[in-house]
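The primary structure of each chain is shown beneath.
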Amino acid sequence: MSDTSEPRLTSLAHGGGCGCKIAPGVLAEMLKAMPAAQPFANLLVGHETSDDAAVWRLNTDQALVATTDFFMPVVDDPFDFGRIAATNALSDVYAMGGTPILALALVGMPISVLSPDTIGRILAGGASVCAAAGIPVAGGHSIDSVEPIYGLVALGLVHPDQVLTNKGARPGDVLVLTKPLGVGVLSAAFKQGRLDAKGYAALIDTTTRLNTIGSRLAGRRGVHAVTDVTGFGLLGHALEMARGAGVTVEIDTAATPFLDGAADLAASGVRTGASTRNWQAYGAAVDLPVGLDDWRRDLLTDPQTSGGLLIAVAAEAAADLMGLAAAEGFDRAVVVGRVLDGPARVRVA
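Here the structure is a predicted model, which means the values were calculated and not measured.

**Thoughts on the sheet that holds strand β9 (residues 248–251)**
Part 1 of the reasoning: On the basis of which strands lie adjacent, the open sheet formed by seven strands has the order β8-β11-β7-β12-β9-β13-β10 and mixed pairing. Each edge of the open sheet carries a strand with a single partner, namely β8 (223–228) and β10 (286–287).
Part 2 of the reasoning: Helix α2 (residues 78–95) rests against β8 and β11 (309–314) of the sheet, and its axis sits at about 165° to β8.
Part 3 of the reasoning: Of the strands in this sheet, β7 (173–177), β11 and β12 (334–340) are in contact with helix α11 (residues 318–327), which crosses β11 at around 145°.

**What about the side chain of Thr 207?**
Part 1 of the reasoning: By the secondary structure assignment, Thr 207 is in helix α5 (residues 197–207).
Part 2 of the reasoning: For Thr 207, a relative accessible area of 1% corresponds to the buried category.
Part 3 of the reasoning: Of note is the side chain of Thr 207, whose polar atom sits 3.4 Å from the backbone oxygen of Ile 204.
Part 4 of the reasoning: Those residues in contact with Thr 207, other than ones at most four positions away along the chain, are Ile 84, Thr 87, Val 183, Thr 305 and Ser 306.

**What to know about the nonpolar core**
Part 1 of the reasoning: Phe 81, Leu 90, Tyr 150, Leu 175, Leu 235 and Leu 310 are the most contacted members of the largest nonpolar core, which totals 81 residues.
Part 2 of the reasoning: Top contributing element to this core by residue count: α2, with eight residues.
Part 3 of the reasoning: Sequence-distant contacts of Leu 235, that is, excluding residues within four places in its chain, are made with Ile 251, Trp 279, Tyr 282, Val 286, Leu 300, Thr 301, Val 346 and Val 348.
Part 4 of the reasoning: Among the nonpolar cores identified, the runner-up in size contains 18 residues, and Ala 95, Ala 318, Leu 324 and Ala 333 belong to it.

**With respect to unusual backbone geometry**
Part 1 of the reasoning: Its identity is not glycine, yet Ser 306 carries a phi of approximately 55°, on the positive side.
Part 2 of the reasoning: With respect to the helices and strands, Ser 306 occurs in the loop between α10 (294–300) and β11.

**Quick notes on the pairing of strand β5 (residues 137–144)**
Part 1 of the reasoning: Counting buried positions over the eight residues of β5 gives zero, only a small fraction of the element.
Part 2 of the reasoning: Pairing analysis gives six bridges linking strand β4 (residues 99–109) to β5, with the strands arranged parallel. Paired with Gly 108 across the bridge in β5 is Ile 143.
Part 3 of the reasoning: For the crossover that starts at β4, traverses helix α3 (residues 116–132) and ends in the parallel β5, the hand is right-handed.

Thresholds applied
Residues numbered from 1 in each chain as written. Predicted model: local features only at pLDDT ≥ 70, side-chain atom pairs only at ≥ 80, totals over all residues. Heavy atoms only, no water. Pairing = 2+ DSSP bridges. Helix = DSSP H or I, 4+ residues; strand = E, 2+ residues; numbered from the N terminus. Contact = heavy atoms within 4.5 Å. Axes fitted to C-alpha atoms, helices over the stretch in contact; angles between N-to-C directions. Buried < 20%, exposed > 50% of the residue type's maximum accessible area, 1.4 Å probe, protein only. Polar contact = N/O pair within 3.5 Å; in protein donor to acceptor, adjacent residues only side chain to side chain. Core = buried A, V, L, I, M, F, W, Y, C linked by side-chain atoms within 4.5 Å. Right-handed = clockwise from strand over helix to strand, strands pointing away.

Rendered as structure tokens:
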């Protein structure tokens, strides 16, 4: 734990984890001025499809996957904060089918408030995750910041013909989610002092579990689209998939898994401000069933720090994919929906 003479890490931040993300509607307005990157023939994936990372063709056999992610503390333990932030950043490489090769640290810390030891343990936590992924933290950049911020620039490699994006879903595909939802609710409960030891353990376990399965999906039979579920919640990232492919994505709320304790906490009123902002931003493109409880909708829009992968896979290849997920340690992976012909919307069943 951090030095008791220092303030709690979460008390120094106005938000935490992927709940810090700018609301999707505001982000869309900001990005309107971004020019399309059409002149660059080697840019295989840019910002136009709201994908998880950029991809640049290096040669006929290799493409570079490049991404960055950083945020403010979601927990108070500095080592755990570093681990969560690094796991989350590397997830974008895995979501593109890539294998990480190196990382750079992004560090903004209130150096007059936090000790060098505390900051060092944040960096050590991130480095431990990179070591588990088999890559170095090869450098980085630091600033004196009002709020503590940590994350990575993450680079990886993938074959140019095997890049996974969020736009390849096809009608008839089923949707597999590799991690349960509820990270935002558990982190909100933690800040409110309502999360017990079992809930905290579940929070740390899911947010520090590397999405290594992603690199095994590149070129795999029947896998058509992948994205990781992070700050915009399951419905928001499913909508990006629907818009990318011009299809309707149906989510089966009864099949959607939640982290232990998350449903009870949500039903008791625990939520994040980000889940509300998410719904306000994209709710007009989501069809909900009559009578769906508000707390269940909150969990479907709950921001997932270091969430799981959402995978669109041909129905006949789903069993094979579920076997791979189990072998990779994602024992709570489950089919949560399907892809249908129809307008680019999300339907909750």
